[in-house]
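The chain contents come next:
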Amino acid sequence: MDWNICGPKRQLDYLEKMIQQDKLAHGLLLAGPSGVGKRAVARALAQKLGAQFPDYIEIAGGGGIKIEQIRELIYKLSLKPYSSKYKVAVIDEAEELTLEAANALLKALEEPKSYTVIILITANPEKLPQTILSRVQKINFGLVPWAQYEHLLPADQKQTIERLAPGRPGLSLAIAADSALAESMAETGEAYQIFVQGSDPAARLMLAADLAQKDTPDLRAILLSWLERLVFELRLSPSERLAARINQVNLSLKYLEQNANSKLLLTNLILNT
């Protein structure tokens, strides 16, 4: 059966097998880097199961997923399907669940209705409560080989997109469709190049100062994009220097969550890594 998705073949094959054997879990966790196709797979799975409005429900993360949203979701899931065998709920950026929201969701995962499938999507599974993680089937996603999706992109943008979003077909397609996103990603890419290759201390210091002016969510997104690129490069060409940089970016993200002084944090990261 054709999923009409290009990229995560192993994950799609696994889901296909579970559907064919009638062993699909009622709670799924799609975990992996951003932009690799997790949300596309979740939506395609809902279509495979025949779930469409009002039997398909999606909650987008960002800014926190509150208990009121989860209570409304649970109520909708309590109603029998309108026109299909299943009701499917997708919770994107599930790490944004507040503690209260996660606790409210827990009962639906512990005692699922026979006709419900709840799909959590996250790039940061470690931020989800262990009680949630223990009640879902985790499916890991990784970066996707360029050859599997480059034919979907405009010829005149391929070289730029491959540089900006290696291994991430979802992000690649978004860049191709949105010039503003392409410009923003280009700026992020330039900053990354200064971080990993820049030899001019003044340029590196200026970069640290510029990034320190950004809001914490924007800065976190930049550091996460750097982390993903470092991991991608480490897989292609392992080195102690890359491993050390990955460790330092991870530490910086940790300190950022603890409200550390962003200017000092970035100066230390960019000048001393």
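Residues numbered from 1 in each chain as written. Predicted model: local features only at pLDDT ≥ 70, side-chain atom pairs only at ≥ 80, totals over all residues. Heavy atoms only, no water.

What follows is about helix 3 (residues 67-78). Taking 1.5 Å of rise per residue, twelve residues should cover 16 Å, and helix 3 covers 16 Å from first to last C-alpha, within 8% of that figure. Residues Ile-67, Ile-70, Leu-73 and Leu-77 constitute the buried set of helix 3. The buried residues of helix 3 occupy an angular sector of 120 degrees when the element is viewed end-on, so they sit on one face. Opposite its buried face, helix 3 presents the exposed residues Glu-68, Arg-71 and Tyr-75, each directed more than 90 degrees away. Contact partners of the buried residues in helix 3: strand 2 (56-59), strand 3 (87-91), helix 4 (99-110) and strand 4 (116-122). (Helix = DSSP H or I, 4+ residues; strand = E, 2+ residues; numbered from the N terminus. Expected span 1.5 Å × (residues − 1). Buried < 20%, exposed > 50% of the residue type's maximum accessible area, 1.4 Å probe, protein only. Arc of directions from axis to C-beta. Contact = heavy atoms within 4.5 Å.)

In the contact formed by helix 8 (residues 179-197) and helix 10 (residues 216-236), the axes pass within 11 Å of each other and the chain directions differ by 60 degrees. Compared by their axis directions, helix 8 and helix 10 come out oblique. For the pair helix 8 and helix 10, the crossing hand works out as right-handed. Touching Thr-188, Gly-189, Ala-191, Tyr-192, Gln-193, Phe-195 and Val-196 of helix 8 are Ile-222, Ser-225, Trp-226, Arg-229, Leu-230 and Glu-233, all from helix 10. Of the residues contributing to the contact of helix 8 with helix 10, the split by class is seven nonpolar, four polar and two charged. (Axes fitted to C-alpha atoms, helices over the stretch in contact; angles between N-to-C directions. Parallel < 35°, antiparallel > 145°, perpendicular 65-115°, else oblique. Left-handed = near helix turned anticlockwise from the far one by under 90°. Nonpolar A, V, L, I, M, F, W, Y, C, P; charged D, E, K, R; others polar.)

Moving on to the sheet that holds strand 1 (residues 27-31). Taken together, five strands build an open sheet; the order of strands is 2-3-4-1-5 and the sheet is parallel. At either end of the open sheet lies a strand with only one pairing partner, and these are strand 2 and strand 5 (137-140). Taken over all neighbouring pairs, the strand axes of this sheet differ in orientation by 15 degrees on average, direction set aside. Pairing analysis gives four bridges linking strand 1 to strand 5, with the strands arranged parallel. In the sheet register, Leu-28 faces strand 5, and the bridge partner there is Gln-137. Lying over the sheet, helix 2 (residues 38-48) contacts strand 1, strand 2, strand 3 and strand 4, oriented at roughly 170 degrees with respect to strand 4. Lying on the sheet, helix 4 is in contact with strand 1, strand 3 and strand 4; it crosses strand 4 at an angle near 135 degrees. (Pairing = 2+ DSSP bridges.)

What follows is about the nonpolar core. Side chains that are nonpolar tend, in soluble globular proteins, to be buried together. Counting 25 residues, the largest nonpolar core has Ile-70, Leu-73, Ile-91, Leu-97, Leu-105, Ile-118 and Leu-120 as the members making the most contacts within it. Among the secondary structure elements, those contributing two or more residues to this core are strand 1, strand 2, helix 3, strand 3, helix 4 and strand 4. With seven residues, helix 4 is the single largest residue contributor to this core. (Core = buried A, V, L, I, M, F, W, Y, C linked by side-chain atoms within 4.5 Å.)

Okay, helix 11 (residues 240-257) next. The terminal C-alpha atoms of helix 11, which comprises 18 residues, lie 26 Å apart, in line with the 26 Å expected from a rise of 1.5 Å per residue. Listed in full, the buried residues belonging to helix 11 are Leu-242, Arg-245, Ile-246, Val-249, Ser-252, Leu-253 and Leu-256. Looking straight down helix 11, one finds that the buried residues subtend no more than 125 degrees of arc, so they occupy a single side. Buried-residue contacts for helix 11 involve helix 8, helix 10 and helix 12 (262-272). Downstream of helix 11 by one or two residues, Asn-259 has phi in the positive range, about 65 degrees.

Read these as geometric descriptors, not functional statements.
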